[in-house]
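# Observations on chain architecture
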Amino acid sequence: MSRIAGRFAKLKAAGRKALIPYVTAGDPLACSPVPILHGLVAQFRKQDADTPIVLMGYANPIEAMGIERFVAAARAAGVDGVIVVDYPPEECAPFSELCGRAGIDCIFLLAPTSTDARIREVARAGTGYLYYVSLKGVTGVKSADVADIAAHLPRLRAASKLPIGVGFGIKDAESARAIAQIADAVIIGSRIVQEIEMAGPEHAVARVKALVQPIRRALDS
C-alpha cells in the first residue's frame, strides 16, 4: 500500500477527512517551503515516514530533466505522488508506468466540464486520489459552490473507488467543513499563497499555521 493510500485508509478508519495544503516551491524565498511544511506537519519526513508528499507542476521541466531521471530523483527524495497538469492520462503512459514501478502515484485532474469518457479514462489511469477542480476559470477568485460539487461527485464515485480531493475556491474553515461532508479530502492552495504574499518571509510560517490550524480543527469537529 502506498503512503497516500495508507493515509487515506487511516483517516477513514478514524472517521476523519484529509487536508491537503499546497505550498509553492521558492515562495517567498528559495528556502521557505521547508519551514512552512514543518509548520503544517508537526513531524516531517525524517520524523514521520507516513506523511505523503505530492509534487504538482507541468511537463516541460520534467521532460527537460528526462522522465527517467525525474522519477528516480523523486523516488530518492521520498515523493509519493505527482500531478502533471498538462499530462492527460491517454498521453503519458511511459511516465505513468515509470512512476508506478517507483511506487509513485499519478494523480489526475477532473472538472465540472469533464465528460463521462474523461472520467472513465482518469479512473483507469489514476492512482492515489482523484483531484476534483471545483470551479471553472482560475483559482483563488471565486468561492466553491458546495451544491454544485455535490451534484458532480456521484459521477466520479460511480467510476472509481479512489478517494476524492476537492480543491479551488476553499478559503476558510466554514467552506472546508462543508466540502468535507461530501469529499474525502480538502485541498487548500491559493489561500495559502495569498497568506504568504501578505505576510512576507519573516511571518509566512506563522500566518500559514494560523490559516490552516482552524481548518484542520473544523474538519475534525
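Up top is the structure.
This report concerns the structure included in the present document. (Residues numbered from 1 in each chain as written. Predicted model: local features only at pLDDT ≥ 70, side-chain atom pairs only at ≥ 80, totals over all residues. Heavy atoms only, no water.)

This paragraph deals with the sheet that holds strand β7 (residues 164–167). The strand order across the open sheet formed by 5 strands is β1-β8-β7-β6-β5, and the pairing between neighbours is parallel. With partners counted over all chains shown, the strands left at the sheet margins are β1 (18–21) and β5 (109–110), one partner each. Strand direction decides the pairing type here: β5 and strand β6 (residues 130–133), joined by 2 bridges, are parallel. The residue of β6 that forms the bridge with Leu 110 is Tyr 132. (Pairing = 2+ DSSP bridges. Helix = DSSP H or I, 4+ residues; strand = E, 2+ residues; numbered from the N terminus.)

Time to look at the packing of helix α9 (residues 190–199) against helix α10 (residues 204–220). It is at 8 Å that the axes of α9 and α10 come closest, and there the two elements cross at 145°. You can see that α9 and α10 cross each other, and the crossing is right-handed. Here α9 contributes Arg 191, Ile 192, Glu 195, Ile 196, Met 198 and Ala 199 to the contact with α10, which in turn contributes Ala 204, Arg 207, Val 208, Leu 211 and Val 212. By residue class, the composition of the contact of α9 with α10 is 8 nonpolar, no polar and 3 charged. (Axes fitted to C-alpha atoms, helices over the stretch in contact; angles between N-to-C directions. Left-handed = near helix turned anticlockwise from the far one by under 90°. Contact = heavy atoms within 4.5 Å. Nonpolar A, V, L, I, M, F, W, Y, C, P; charged D, E, K, R; others polar.)

Next up on the list: the nonpolar core. Counting 47 residues, the largest nonpolar core has Phe 95, Val 166 and Val 186 as its most contacted members. A per-element tally of this core places α10 first, with 6 residues. The contact partners of Val 166, leaving out residues within four places of it in the chain, are Tyr 132, Ser 134, Ile 149, Leu 153, Ile 179, Ala 183, Ala 185, Val 186 and Ile 187. Counting residues in hydrophobic clusters, the runner-up holds 14 residues, among them Phe 8, Ile 20, Tyr 129 and Phe 168. (Core = buried A, V, L, I, M, F, W, Y, C linked by side-chain atoms within 4.5 Å. Buried < 20%, exposed > 50% of the residue type's maximum accessible area, 1.4 Å probe, protein only.)

A few words on the sheet that holds strand β2 (residues 54–57). Strand pairing in a sheet relies on backbone hydrogen bonds. The paired strands run either parallel or antiparallel. The sheet built from 3 strands is open, its strands ordered β2-β3-β4 with parallel pairing. With partners counted over all chains shown, the strands left at the sheet margins are β2 and β4 (105–106), one partner each. Two strands pair when backbone bridges link them, and β2 and strand β3 (residues 81–84) are joined in this way by 4 bridges, in the parallel orientation. Along β3, the bridge assignment pairs Leu 55 with Val 82.

So, about empty space enclosed by the protein. All chains considered together, the criterion is met by 1 cavity of 30 Å³ or more. Estimated volume of the largest cavity: approximately 50 Å³. As for the largest cavity, its lining consists of Val 82, Ile 83, Val 84, Tyr 87, Cys 92, Phe 95, Cys 106, Ile 107 and Phe 108. Among the elements that make up the lining of the largest cavity, the one with the highest residue count is β3 (3 residues). For the lining of the largest cavity, the residue count by class is 9 nonpolar, no polar and no charged. (1 Å grid on protein atoms, 1.4 Å probe; cavity = no way out; pocket = protein on both sides within 12 Å on 5 of 7 lines; lining within 4 Å. Points joined across faces, edges and corners; volume = space filled by probe spheres on them.)

Further remarks concern helix α4 (residues 67–77). Taken as a whole, α4 has its buried residues at Ile 67, Phe 70, Val 71 and Ala 74. Mapping the buried residues of α4 onto a view down its axis gives an arc of 95°, with all of them on the same face. Residues Glu 68, Arg 69 and Ala 76 are exposed on α4 and point more than 90 degrees away from its buried face. Structurally, α4 contributes buried residues whose contacts are with β2, α3 (59–65), β3 and α5 (93–101). Taken from the residues just after α4, Gly 78 is the one with a positive phi, measuring 90°. (Arc of directions from axis to C-beta.)

For the rest of this paragraph, the subject is the packing of aromatic side chains. Taken as a whole and judged by the stated rule, the model has 3 aromatic pairs. Measuring from ring centre to ring centre gives 5.8 Å for Phe 8 and Tyr 129, while their planes differ by 55°; the resulting arrangement is tilted. Taken together, the residues Phe 8 in helix α1 (residues 3–13) and Tyr 129 in the loop between α6 (116–125) and β6 connect sequence positions 121 residues apart. Phe 8 gets classed as buried once you look at its relative accessible area, which sits at 11%. We classify Tyr 129 as buried; its relative accessible area is 4%. An aromatic cluster is built from Phe 70, Tyr 87 and Phe 95, whose rings are joined through pairwise contacts. (Phe/Tyr/Trp six-rings, centres within 6.5 Å; stacked < 30°, edge-to-face > 60°.)

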